[in-house]
Amino acid sequence: MSEIEIYSLDDLGYMRNSGRLARDVLLFIEPHVQPGVSTSTLNDLCHDFITQNGATSATLNYNGFPKSICTSVNHVICHGIPGEYKLRQGDIINIDVTVNLEGWHGDTSKTFLVGKCTKLAETLVRTAERALNVGITAVKPFGYFGDIGAAIQQFVDRTGFSIVRDYCGHGIGREMHSKPAVLHYDCREKGEQILPGMFFTIEPMINVGSYKSRILNDGWTAVTIDKSLSAQFEHTIAVMNDSIEILTE
Ligand code: MF3
Ligand code: CO
Ligand code: CO
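One structure accompanies this document, and this report is about it. (Residues numbered from 1 in each chain as written. Chains lettered and ligands numbered in written order. Predicted model: local features only at pLDDT ≥ 70, side-chain atom pairs only at ≥ 80, totals over all residues. Heavy atoms only, no water.)

So, about the nonpolar core. By size, the foremost hydrophobic cluster in this structure holds 29 residues, and its most contacted members are Phe-145, Ile-148, Val-156, Phe-200, Ile-202 and Ile-206. When contributions to this core are tallied by element, the ones reaching two or more residues are helix 3 (119-137), helix 4 (146-157), strand 9 (199-202) and strand 14 (235-239). The biggest single contributor to this core is helix 3, with seven residues. For Ile-206, the contacting residues outside a window of four places in its chain are Leu-124, Thr-127, Ala-128, Ala-131, Val-156, Phe-161, Ser-162, Ile-163, Leu-229, Ser-230 and Ala-231. Of all hydrophobic cores here, the second largest spans 22 residues; its members include Ile-29, Val-73, Leu-87 and Phe-112. (Core = buried A, V, L, I, M, F, W, Y, C linked by side-chain atoms within 4.5 Å. Buried < 20%, exposed > 50% of the residue type's maximum accessible area, 1.4 Å probe, protein only. Helix = DSSP H or I, 4+ residues; strand = E, 2+ residues; numbered from the N terminus. Contact = heavy atoms within 4.5 Å.)

Let us look at the environment of Trp-104. By the element assignment, Trp-104 lies in strand 5 (residues 104-113). In the structure, Trp-104 is positioned 87 residues away from Asn-17 in sequence and 8.6 Å away in space, judged by C-alpha atoms. Among all residues touching Trp-104, those that are not within four sequence positions of it are Tyr-7, Asp-11, Tyr-14, Met-15, Ser-18, Val-99, Gly-173, Arg-174 and Phe-199.

So, about the packing of aromatic side chains. Under the criterion given, the structure shown has six aromatic pairs. When the centroid spacing of 4.5 Å and the interplanar angle of 20 degrees are considered together, the rings of Phe-28 and Phe-49 count as stacked. Of this pair, Phe-28 sits in helix 1 (residues 9-29) while Phe-49 sits in helix 2 (residues 39-52), and the two are 21 residues apart along the sequence. Linked through ring pairs, Tyr-7, Tyr-14, Trp-104 and Phe-199 together constitute an aromatic cluster. Positioned above the aromatic ring of Tyr-211, the side-chain terminus of Arg-165 is 5.4 Å from the ring centre. Just above the ring of Tyr-144 sits the side chain of Lys-190; from NZ or CZ to the centre is 4.0 Å. (Phe/Tyr/Trp six-rings, centres within 6.5 Å; stacked < 30°, edge-to-face > 60°. Lys NZ or Arg CZ within 6 Å of the ring centre and 35° of its normal.)

By nearness alone, 13 residues border ligand 1, and Asp-96, Thr-98, His-177, Glu-203 and Glu-234 come closest of all. Here a nitrogen atom of ligand 1 and a side-chain polar atom of Asp-96 are 3.0 Å apart. In the environment of ligand 1, an oxygen atom lies 3.0 Å from a nitrogen or oxygen atom belonging to the side chain of Glu-234. (Near = heavy atom within 4 Å. Polar contact = N/O pair within 3.5 Å; in protein donor to acceptor, adjacent residues only side chain to side chain.)

What follows covers the pairing of strand 2 (residues 70-73). Judged by which residues are buried, strand 2 turns out to be covered on both faces: Cys-70 and Ser-72 on one side and Thr-71 and Val-73 on the other are all buried. Where strand 2 meets strand 4 (residues 92-101), four bridges bridge the pair, whose relative direction is antiparallel. Residue Thr-71 lies in a different strand from strand 4, and its bridge partner there is Ile-95. (Pairing = 2+ DSSP bridges.)

Another aspect to go through is the coordination of the cobalt ion (ligand 2). Protein coordination at the cobalt ion (ligand 2) comes from Asp-107 (OD), His-170 (NE2), Glu-203 (OE) and Glu-234 (OE), with a distance range of 2.0 to 2.2 Å. In this structure, the cobalt ion (ligand 2) is coordinated by six donor atoms arranged in irregular fashion, with angles at the metal of 51 to 160 degrees. The sequence pattern describing where the donors of the cobalt ion (ligand 2) fall on their chain is D-x62-H-x32-E-x30-E. In this structure, the cobalt ion (ligand 2) lies 3.3 Å from the cobalt ion (ligand 3), and both are coordinated by Asp-107. Here Glu-203 is found in the loop between strand 9 and strand 10 (205-207), whereas its partner Glu-234 is found in the loop between strand 13 (230-232) and strand 14, with 31 residues between them in sequence. Of the two residues examined, Glu-203 and Glu-234, each falls in the buried class. (Donors = N, O, S within 2.8 Å, 3.2 Å for Na, K, Ca; no water. Tetrahedral: all angles 85-135°; square planar, octahedral: opposite > 155°, others 65-115°.)

The textbook angles at a metal center are 109.5 degrees for a tetrahedron of four donors and 90 or 180 degrees for an octahedron of six. Of the protein atoms, only Asp-96 (OD), Asp-96 (OD), Asp-107 (OD) and Glu-234 (OE) coordinate the cobalt ion (ligand 3), at distances of 2.1 to 2.4 Å. One can describe the donor arrangement at the cobalt ion (ligand 3) as irregular, given that its six donor atoms subtend angles of 58 to 167 degrees at the metal. Counting gaps between the donor residues of the cobalt ion (ligand 3) yields the pattern D-x10-D-x126-E. On the basis of relative accessibility, which here comes to 3%, the residue Asp-107 falls in the buried class.

Sheet strands pair by backbone hydrogen bonding; their relative direction is either parallel or antiparallel. Strand order in this open sheet of three strands is 3-12-11, and the pairing throughout is antiparallel. What marks the edges here is a single partner per strand, and that holds for strand 3 (76-78) and strand 11 (213-215). Between one strand axis and the next, the sheet turns through 40 degrees on average, direction left out of account. Of the pairings in the sheet, the one linking strand 11 to strand 12 (residues 222-224) comprises three bridges and is antiparallel in character. Considered in strand 12, the bridge of Ser-213 is made with Thr-224. (Axes fitted to C-alpha atoms, helices over the stretch in contact; angles between N-to-C directions.)

On to helix 3. For helix 3, spanning 19 residues, the distance from its first C-alpha to its last is 27 Å, which sits close to the expected 27 Å at 1.5 Å a residue. Within helix 3 the residues assigned to the buried category are Ala-121, Leu-124, Val-125, Thr-127, Ala-128, Ala-131, Leu-132, Gly-135 and Ile-136. (Expected span 1.5 Å × (residues − 1).)

Following this line, the structure appears as structure tokens:
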């Protein structure tokens, strides 16, 4: 028996709204991602946009996280805390937005290239985006969660890049994080069955070098142990009777 929550069509309506708003935050912030802008300025702009749209940031004060978005630059894998750092030409930055709109969550992230970047950075970012799309394509109603990581790993292995193992996608709905853990690598188990009415995220983090991560002394910032670049993309997905919907697209 599955312990993963099955939601109603009414719930799907709320999730469409929160997913659309999360997507709109990324569309809104994109033109501001430029050399010279600080990550705290990006945070403040997103915070105000979220608030003006009648929502709250789900990350602000989440287990003590101090900001309204995560900003993960270069070798930061995820959960970077916005601060005084100013973006420089050639950086890559993942902006991860989770909104709470009327009690329902939308979670999405994208890695931006800041001005002209190296070929390696461009290839990594394109690979991370494709990894997400490969994972989404593997989602089938009545398929299995294990199909997602298997498909992503089959794709990423051919690139020579690595897949972070310490962080995964997650069920989402009235909570930001719920069951199941959605693995982005092949753990060689089928996992739970994917059923209509489930909501979850897929959010692969891809590294140039080692897949291994560690957390900085701030208790949040996850970085690659070898300081190699890392990129991530994330969408929130809804499973229907015979199709799926990308709620944050
Ligand atoms: N948005 C992140 C995710 O994809 C969660 C961030 S939690 C925070 O699951 F506290 F780090 F902000
Ligand atoms: Co997420
Ligand atoms: Co997220």
